Amino acid sequence: MDITRADLLTNSIQVTPVHQMWHTDSQFENIPADFAVLRMVELPKTGGDTVWASGYDVYDRLSPPMRAFLSNLTFTAGQKEKYEAIATANGLAWYTDPRGAPENVGKEVTATHPVIRTNPVSGVSVVFFCACSPRSLTCTPCVTAIIWD
Amino acid sequence: MTVELQKELAQRMGLLTGKPSTSGLHIFPLMHTARQIGDKEVTVISDQGGNGKPKDGNEAAAKPRLRIQDPSVSVIELNTTA
């Protein structure tokens, strides 16, 4: 598939618009990753295509009542249908043995996590909830609107 | 840095910051990564799409970039819990 810059900036059928691509890796796993280690092998002359955002900073910007409200919520992240479609379309096999932790097995790739997590080492809290697309939220419109704001 | 050293760095950082002893490095649930460099614990990201020419013998650069179609997280449900 040829992917052009224009595809990334418009609502192409084939690609997800860049503004809907914010995510935290591996939240579909019961035991998600602590961190990722990235290494640039080939550097582009200009630009690059990974932008980072701080969940700690998001938390710091919340009011105390909002922090308390969110701390009682969990969210469920899942990729099962999407991954099954990709696997079928591209002839990809599933890896169903443990994926970095004994709890990360099988093809469900769906997991529930707290919206607010506190780093056990630093004691610093983070907004762990990160959605790529508001259409995937199924909670009440009121809660959805508050969180997305 | 080599791929092996990079993996060692990730594993040691995790252990030093208190991850369970049963935890290692994540493996992506779809096996496109294994076809990229032959290591399940490593994901190669390339912006070359289907047009890139293979570099130094591997086919990483020639693989479509799945993440463009496939952000790693979709929130499907928000739960209110006690």
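None of these values were measured; they are calculated from a predicted model.

Draft legend 1. Local environment of the overall build of chain B. What chain B contains, in helices and strands, is 3 helices and 1 strand. The proportion of buried residues among the 82 residues of chain B is 21%.

Draft legend 2. Looking closely at the overall build of chain A. Across its full length, chain A carries 5 helices and 4 strands. Beginning at the N terminus, the succession of helices and strands in chain A can be written as α-α-α-β-α-β-β-β-α. When burial is assessed residue by residue, chain A has 21% of its 149 residues classed as buried. In chain A, the share of contacts with a sequence separation of at least 24, taken over all contacts with a separation of at least 6, comes to 61%.

Draft legend 3. Inspection of the environment of B:Gly18 at higher detail. When you line up the elements, B:Gly18 lands in the loop between helix 1 (3–16) and helix 2 (32–37). Along the sequence, B:Gly18 and B:Ile45 sit 27 residues apart, while their C-alpha atoms lie 28 Å from each other. The residues touching B:Gly18, leaving out its near neighbours within four places in the chain, are A:Pro120 and A:Val121.

Draft legend 4. Quick peek at the confidence of the model for chain B. All names here are of chain B. Averaged over every residue, the pLDDT of chain B is 65; residues scoring 70 or more account for 49%. Ranking the elements of chain B by mean pLDDT puts helix 3 (residues 66–69) last with 37 and helix 1 first with 92. A low-confidence stretch, residues 49–78 (pLDDT under 50), is modelled with 85 contacts involving residues beyond four sequence positions or located in other chains. Two numbers describe this predicted complex: its pTM, 0.73, and its ipTM, 0.75.

Draft legend 5. How the structure looks around the confidence of the model for chain A. Scored by pLDDT, chain A has a mean of 77; 70% of the residues are at 70 or more. Contacts from residues 132–142 of chain A, a stretch scored under 50 in pLDDT, to residues over four places away or in other chains number 23 contacts.

Draft legend 6. Layout of the environment of A:Val41. Residues and elements named next belong to chain A. Structurally, the position occupied by Val 41 is in the loop between helix 1 (5–9) and helix 2 (55–60). A count of 12 C-beta atoms within 10 Å places Val 41 in the exposed class. Considering only alpha carbons, one finds Val 41 and Ser 54, 13 residues apart in sequence, at a separation of 24 Å.

Draft legend 7. The arrangement of the nonpolar core in detail. Grouped together as the largest cluster of nonpolar side chains are 15 residues, with contacts concentrated most on A:Phe75, A:Val115, A:Ile116, A:Val127, A:Phe128 and A:Phe129. The residues touching A:Val115, leaving out its near neighbours within four places in the chain, are A:Leu70, A:Leu73, A:Thr74, A:Phe75, A:Val127, A:Phe128 and A:Phe129.

Draft legend 8. Quick peek at unusual backbone geometry. All names here are of chain A. Here Ser 26, not a glycine, exhibits a phi torsion of approximately 60°, which is positive. Considering the arrangement of structural elements, one finds Ser 26 in the loop between helix 1 and helix 2. Residue class for Ser 26 comes out buried when judged on the 24 C-beta atoms lying within 10 Å of it.

Draft legend 9. Inspection of the environment of A:Gly55 at higher detail. Residue and element names in this part refer to chain A. Topologically, Gly 55 is positioned in helix 2. Residue class for Gly 55 comes out partly exposed when judged on the 17 C-beta atoms lying within 10 Å of it. Note: C-alpha distance between Gly 55 and Phe 129 (74 residues apart in sequence) is 8.5 Å. Those residues within four positions of Gly 55 in sequence are excluded, and the remaining contacts are Val 126, Val 127 and Phe 128.

About the thresholds
- Residues numbered from 1 in each chain as written.
- Chains lettered and ligands numbered in written order.
- Predicted model: local features only at pLDDT ≥ 70, side-chain atom pairs only at ≥ 80, totals over all residues.
- Helix = DSSP H or I, 4+ residues; strand = E, 2+ residues; numbered from the N terminus.
- Buried ≥ 20, exposed ≤ 12 C-beta atoms within 10 Å, placed from the backbone.
- Contact = placed C-beta atoms within 7 Å.
- pLDDT = per-residue confidence, 0-100.
- Core = buried A, V, L, I, M, F, W, Y, C linked by C-beta atoms within 7 Å.

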